[in-house]
Amino acid sequence: MPEQPYEPEGAVAGTGMGGAMDLATAEGETLERTPTGPESTGPQQKPRSLWSDAWRDLRRNPVFIISAVVILFLVFISLWPSAITWMSPLKCDLVKAQEGSQPGHPFGFDGQGCDVYTRTVYGTRTSVTVGVCATFGVALLGSVLGGLAGFFGGVSDSFLSRITDIFFAIPVVLGGLVLLSVVTSNTVWPVVGFIVLLGWPQIARIARGSVITAKQNDYVQAARSLGASNSRILLRHIAPNAVAPVIVVATIALGTYIALEATLSFLGVGLKPPNVSWGIDISAASPYIRNAPHMLLWPAGALAVTVLAFIMLGDAVRDALDPKLR
């Protein structure tokens, strides 16, 4: 065989400190040339978290995109209703009562001569306010009580279970008729308080089960063995891994709370005039559904679209956060 040409640059001594140093230098240069981009599969690539994977799935879900666009539009008109209507929802003209669509009044007029389009737009503010505030209160109260009961167990867990059973036995509509009928305040806060009072047990049970599952994981046991306090374990290790089911249930329940507010206002125990609410308008238009159906269809349609958008958003979030559906 022909002899290989001698290359001084590539020569490495077989013995001695110099050969070891040259070998270490060559290995270092090889590691520097190791790819670290998205195509590499070694330890250089940072693993994605549950939330990053969920956000990636949500961006590819058309149901999430459609529902999010609708909800963003509802939030916009609830904050700035004057951006798409220049009239006042309380400005009425009895001469135009129950009249249909006219130039400048696409939805017609209600039984008092008020513009249905303007009242439908301003009714969005009430529904979104009640839904968001009630959902925040329910999620906060239910998560705290359920999380603490599931983490400590024992007497507190048993006590919470019995309390939730009592609240689950109360019919929601009947409870609203009884409790809100004695309230004299004509704002959204009594309705929000009633929803929080009867809505927290559902979130509490979800949070309790999620915390019980999370505290059995190895990383929680490792943190406890290293001397971490209960508050640190609960806030830093358990809560971030147990909050996903609560977010899913709360998102779906938001649409239900909006429908509940409209139901209570329809029955006359929720919001009352001069407040503007879809439930109030539906209640006022129901006797005239044969002669002037537009009075009922527009606020009822807005309510249906809003509730459907939040339910679709909750379904999309559930599909993205549930590992079993991947």
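Above this text sits the structure in question.
Residues numbered from 1 in each chain as written. Predicted model: local features only at pLDDT ≥ 70, side-chain atom pairs only at ≥ 80, totals over all residues. Heavy atoms only, no water.

Student: Honestly, the overall build of the protein in this entry has me stumped. Any pointers?
Tutor: Helix and strand counts for the protein come out as eleven helices and zero strands. For the protein, the α and β elements follow one another from N to C terminus as α-α-α-α-α-α-α-α-α-α-α. Scored against the burial criterion, the 326 residues of the protein give a buried share of 38%. Taking the intrachain contacts of the protein between residues at least 6 apart in sequence as the baseline, contacts between residues at least 24 apart amount to 69%. In the structure as shown, the protein presents an accessible area of about 18900 Å², 66% of it carried by carbon and sulfur atoms. (Helix = DSSP H or I, 4+ residues; strand = E, 2+ residues; numbered from the N terminus. Buried < 20%, exposed > 50% of the residue type's maximum accessible area, 1.4 Å probe, protein only. Contact = heavy atoms within 4.5 Å. Areas by Shrake-Rupley, 256 points an atom, 1.4 Å probe, with all protein chains shown as cover.)

Student: Honestly, a nonpolar patch on the surface in this entry has me stumped. Any pointers?
Tutor: A contiguous nonpolar patch, built from Val172, Val173, Leu174, Leu177, Val178, Leu179, Leu197, Phe266 and Leu267 and spanning about 700 Å² of accessible area, is present on the exposed surface. With six residues, helix H6 (residues 172-180) is the largest single contributor of residues to the nonpolar patch. Among the structural elements, Leu177 can be located in helix H6. (Patch = residues over 30% accessible without salt bridge, like charges linked within 9 Å, V, L, I, M, F, W, Y side chains within 5 Å. Salt bridge = Lys/Arg side-chain N within 4 Å of Asp/Glu carboxyl O.)

Student: Please explain the pattern of salt bridges as it appears in this structure.
Tutor: One side chain can pair with another of opposite charge once the charged atoms of both are near each other. Counted according to the given criterion, the structure contains eight salt bridges. A salt bridge links Asp53 to Arg56; the nearest nitrogen and oxygen atoms lie 4.0 Å apart. Residue Asp53 and its partner Arg56 are located together in helix H2 (residues 50-59), separated by three residues, close to a single helical turn. Taking the relative accessible area as the measure of exposure, Asp53 reaches 17% and is therefore buried. Under the relative-accessibility criterion, Arg56 is labelled partly exposed at 24%. Note that Asp281 and Arg119 form a salt bridge whose closest N and O atoms lie 2.9 Å from each other. Of this pair, Asp281 sits in helix H10 (residues 278-285) while Arg119 sits in helix H4 (residues 116-152), placing them 162 residues apart in sequence. Connected through shared salt-bridge partners, Asp53, Arg56 and Asp57 make up one network.

Student: What am I meant to see in H4 here?
Tutor: Along an α-helix, residues three or four positions apart point the same way, because every turn accommodates 3.6 residues. Between its first and last C-alpha, H4 extends 53 Å over 37 residues, near the 54 Å set by a 1.5 Å rise per residue. Looking one or two residues beyond H4, the residue adopting positive phi is Gly153, at roughly 65 degrees. (Expected span 1.5 Å × (residues − 1).)

Student: What is the right way to look at unusual backbone geometry in this model?
Tutor: Negative phi values dominate among residues other than glycine, just as trans dominates among peptide bonds. In this structure, the amide linkage connecting Pro273 to the following residue, Pro274, adopts the cis form with an omega of 10 degrees. One non-glycine residue, Gln98, lies in positive phi territory at about 65 degrees. For Gln98, the position within the fold is in the loop between helix H3 (62-79) and H4.

Student: Which parts of the structure should I look at to understand the environment of Trp51?
Tutor: Position of Trp51 relative to the elements: it lies in helix H2. Spatially, the C-alpha atoms of Trp51 and Ala320 are 8.9 Å apart, while their sequence positions differ by 269 residues. Those residues in contact with Trp51, other than ones at most four positions away along the chain, are Pro240, Val243, Ala244, Ile247 and Leu321.

Student: Explain H10 here, please?
Tutor: For H10, the tally of buried residues reaches six of eight residues, placing the bulk of the element in the interior. If you check which residues of H10 are buried, you get Trp278, Gly279, Ile280, Asp281, Ile282 and Ala285. On its buried face, H10 sits against H4, helix H9 (230-266) and helix H11 (294-321). One side-chain oxygen at the N-terminal end of H10 lies 3.3 Å from the backbone nitrogen of Gly279; it belongs to Ser277. (Polar contact = N/O pair within 3.5 Å; in protein donor to acceptor, adjacent residues only side chain to side chain.)

Student: Just checking my understanding: could you explain the packing of aromatic side chains for this structure?
Tutor: Each aromatic ring pair is specified by the distance between its two centres and by the angle formed by the two planes. A complete count under the given rule lists six aromatic pairs for this structure. Ring centres of Phe167 and Trp200 lie 5.4 Å apart, and the angle between their planes is 65 degrees; on these two criteria the pair is classed as edge-to-face. Remark: Trp200 occurs in helix H7 (residues 189-214) and Phe167 occurs in helix H5 (residues 154-168); sequence separation between them is 33 residues. With respect to burial, Phe167 and Trp200 carry one shared label: buried. Among the aromatic residues, ring-to-ring pairing joins Phe107, Tyr117 and Trp298 into one connected group. (Phe/Tyr/Trp six-rings, centres within 6.5 Å; stacked < 30°, edge-to-face > 60°.)

Student: Looking at this structure, I do not really get the side chain of Thr126. What am I missing?
Tutor: Examined against the element boundaries, Thr126 turns out to sit in helix H4. A polar side-chain atom of Thr126 sits 2.7 Å from the main-chain carbonyl oxygen of Val276. For Thr126, the residues in contact, after removing those within four places along its chain, are Val188, Glu261, Leu271, Val276 and Ser277.

Student: Where do I start with the packing of H4 against H5 in this structure?
Tutor: Between two packed helices, the angle of one axis relative to the other and the distance separating the axes together describe the packing. One can describe the packing of H4 onto H5 by two numbers: an axis separation of 7 Å at closest approach and a directional angle of 140 degrees. Relative to H5, the element H4 is oriented oblique. In terms of crossing hand, the pair formed by H4 and H5 is left-handed. Counted together, Leu145, Gly146, Ala149 and Phe152 of H4 and Gly154, Ser156, Asp157 and Leu160 of H5 form the full contact between these two elements. In the contact of H4 with H5, the residues fall into four nonpolar, three polar and one charged. (Axes fitted to C-alpha atoms, helices over the stretch in contact; angles between N-to-C directions. Parallel < 35°, antiparallel > 145°, perpendicular 65-115°, else oblique. Left-handed = near helix turned anticlockwise from the far one by under 90°. Nonpolar A, V, L, I, M, F, W, Y, C, P; charged D, E, K, R; others polar.)

Student: For this particular structure, what's the right way to read the packing of H7 against H9?
Tutor: Here H7 crosses H9 at 155 degrees, and the two axes come no closer than 9 Å. Of the possible angle classes, the one that applies to H7 and H9 is roughly antiparallel. For the pair H7 and H9, the crossing hand works out as right-handed. Side by side, H7 and H9 meet where Val191, Phe194, Ile195, Gly199, Gln202, Ile203, Ile206, Ala207, Ser210, Val211 and Ala214 of the first sit next to Ile238, Asn241, Ala242, Pro245, Val246, Val249, Ala250, Tyr257, Leu260, Glu261 and Leu264 of the second. Tallied by class, the residues present in the contact of H7 with H9 amount to 17 nonpolar, four polar and one charged.

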